[in-house]
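# Inside the fold
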Amino acid sequence: MNKDKVYINKVIELFKLISEGVENIKCPNCGSENARIFYTKSRKDRYGIWVRCEDCKNIEHADTKISPVGFDEKKINKRFQDMDDHAWRKADELVRRKNKN
Ligand SMILES: [Zn+2]
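Here is a short report on the structure shown in this document. (Residues numbered from 1 in each chain as written. Predicted model: local features only at pLDDT ≥ 70, side-chain atom pairs only at ≥ 80, totals over all residues. Heavy atoms only, no water.)

### A few points about the coordination of the zinc ion
The zinc ion binds to the protein through Cys 27 (SG), Cys 30 (SG), Cys 53 (SG) and Cys 56 (SG); the donor distances cover 2.3 Å. Considering all 4 donor atoms around the zinc ion, angles at the metal cover 106 to 115° and the coordination shape is tetrahedral. Between consecutive donors of the zinc ion, the numbers of intervening residues give the motif C-x2-C-x22-C-x2-C. With relative accessibility at 29%, the residue Cys 56 sits in the partly exposed group. (Donors = N, O, S within 2.8 Å, 3.2 Å for Na, K, Ca; no water. Tetrahedral: all angles 85-135°; square planar, octahedral: opposite > 155°, others 65-115°. Buried < 20%, exposed > 50% of the residue type's maximum accessible area, 1.4 Å probe, protein only.)

Encoded structure:
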């Protein structure tokens, strides 16, 4: 996948809309309206917003410190939550190692 500047700007705009509560979104990759929003909750004050396109299977992810407008515990996706937890554990490990040295 070619993540060029135009695409990156589309993704930035997409997450901005989602954080403002817009739910009618389009896939930044193929333009399909079959893009779904999911959430994860990683830490007390950290949320993940995930967009998965049902057509091209493109997945985008952003972290935010502010609870997204559309956030709902019921919209937490187990698979994405596992991916998020894994990433956070890795980050914790890196910090621990860095503090040891
Ligand atoms: Zn798509």
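### Side note on the pairing of strand E2 (residues 46–53)
Among the 8 residues in E2, 7 count as buried, and that is most of the element. Across 8 bridges, strand E1 (residues 35–43) lies against E2 in antiparallel orientation. Looking across to E2, one finds that Tyr 39 is bridged to Ile 49. In terms of strand pairing, E2 meets strand E3 (residues 59–64) through 6 bridges, oriented antiparallel. Across the sheet, residue Trp 50 finds its bridge partner in E3, namely His 61. Between the antiparallel neighbours E2 and E3 lie 5 residues, among them Lys 57 with a positive phi of about 65°. (Helix = DSSP H or I, 4+ residues; strand = E, 2+ residues; numbered from the N terminus. Pairing = 2+ DSSP bridges.)

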